[in-house]
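Residue-level structural notes
Take a look at the letters that make up each chain.
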Amino acid sequence: MSGDSDCTRTSPSAGSPSDNEFLPDRPKYVCSLSPDLITKAREELQEKPEWRLRDVQALRDMVCKDYPSLGTCLDDAFLLRFLRARKFDYDRALQLLVNYHTCRRSWPEVFNNLKPSAIKPVLESGFVTVLPRLDPEGRHVVCIRPDRWTPSNYPITENIRAIYLTLEKLIQSEETQVNGIVILADYKGVSLSKASHFGPFVAKKVIGILQDGFPIRIKAVNIINEPRIFKGIFAIIKPFLKEKIANRFFLHGCDLNSLHQNIPPVILPEEYGGTAGKLDISAWNELLLASEEDFLHDFSQLVLPCDSSPHDMLVSGDADEKQCDDSLRGMKPQLYYCY
């Protein structure tokens, strides 16, 4: 089903007893959250089960009124991701949804032909994976290892595609929508030449997606084995991170004890001083590759109508982007200095 067809269909008014009975072709939402997570969502995300479908319908109505050509999926479960990511603030959830589509349409190198089989070499390299066990807060830990990437094999955008698909898979879970995720990035062996691929354009795009263009709650970013060069990169990027996100970055160096204060050894592989055995990437790779048809179906609903353009739907300001460009332009000299 397309976003256009949904928006042209008459929608029931907000607060109607059963929105789904008016839309028989839309999957009916069934909450999968445990009682504890329902309570957590109420306390942390302002989510009230008794108002949930009313809130979803309100967001759907806003999309149809303000962005009728957005070409988005309007299923309850899909829209809930954006409401939860913005604590059920309708306006901020709408902006996030528009930014989500703008990001996808403005970076074709990353989002064209985006499917698990297309990034199989990245998965097999072990650049990105998800640890098998959740942390004590019920959060998945996404493990990123840049040293596994050989730039001569494929461009950096392939790594970004793999990370994006990993996040798309994780956010399908309502538990992840409520609990968020934790990132563990191991920068062991990252050289200046490899770091130089993460230039101003890529940096701005990635920051934009993670902060304002994807419905996921990043609760902590743990950096380990970072070389001196990373401190130079982070010093340049930090001004463009929202304060809340910047405060969730933890630079541990080679100190495993410091890492263990944030991520308990019981869920970490041996490579990081943990007791969960050797790091095994096969289980996550198999899960992601087995989701090919699901991704093809989901992404087929996110189409760019012929009468609209990414620029028409861009919410963030051009001035902020120019400031980011100007400030990041001096990255390379500073990287050489730090190195």
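Since this is a predicted model, take the numbers as computed values, not measurements.

1. What to know about the environment of arginine 139
Of note, arginine 139 is situated in the loop between strand 1 (128-130) and strand 2 (140-144). Counting along the chain gives 80 residues from arginine 139 to lysine 219, while the straight-line C-alpha distance between them is 8.8 Å. In contact with arginine 139, other than residues within four places in its own chain, are Leu134, Asn179, Gly180, Ile181, Val182 and Lys219. Only 2.7 Å separates the side chain of arginine 139 from the side chain of aspartate 135, close enough to count as a polar contact.

2. Comments concerning the side chain of arginine 60
Structurally, arginine 60 can be placed in helix 3 (residues 52-66). For arginine 60, a relative accessible area of 2% puts it in the buried group. Leave out the neighbours within four places in its chain, and arginine 60 touches Arg26, Leu74, Asp75, Asp76 and Leu79.

3. Some points on the packing of helix 8 (residues 156-171) against helix 11 (residues 200-212)
Packing of helix 8 against helix 11 brings their axes to within 12 Å, and their N-to-C directions diverge by 5°. What the angle tells us is that helix 8 and helix 11 run roughly parallel. Contacts between helix 8 and helix 11 involve Ile156, Ile160, Tyr164 and Leu167 from the former and Val202, Val206, Ile209 and Leu210 from the latter.

4. Some words on the packing of helix 3 against helix 4 (residues 76-85)
Between helix 3 and helix 4, the shortest axis-to-axis distance is 10 Å and the interhelical angle comes to 90°. Taken together, helix 3 and helix 4 sit at an angle that is classed as roughly perpendicular. The residues of helix 4 that touch helix 3, namely those facing Arg52, Leu53, Asp55, Val56, Leu59 and Arg60, are Asp76, Leu79, Leu80, Leu83 and Arg84. Across the contact of helix 3 with helix 4, the residue classes tally to 6 nonpolar, no polar and 5 charged.

How each quantity is defined
- Residues numbered from 1 in each chain as written.
- Predicted model: local features only at pLDDT ≥ 70, side-chain atom pairs only at ≥ 80, totals over all residues.
- Heavy atoms only, no water.
- Helix = DSSP H or I, 4+ residues; strand = E, 2+ residues; numbered from the N terminus.
- Contact = heavy atoms within 4.5 Å.
- Polar contact = N/O pair within 3.5 Å; in protein donor to acceptor, adjacent residues only side chain to side chain.
- Buried < 20%, exposed > 50% of the residue type's maximum accessible area, 1.4 Å probe, protein only.
- Axes fitted to C-alpha atoms, helices over the stretch in contact; angles between N-to-C directions.
- Parallel < 35°, antiparallel > 145°, perpendicular 65-115°, else oblique.
- Nonpolar A, V, L, I, M, F, W, Y, C, P; charged D, E, K, R; others polar.

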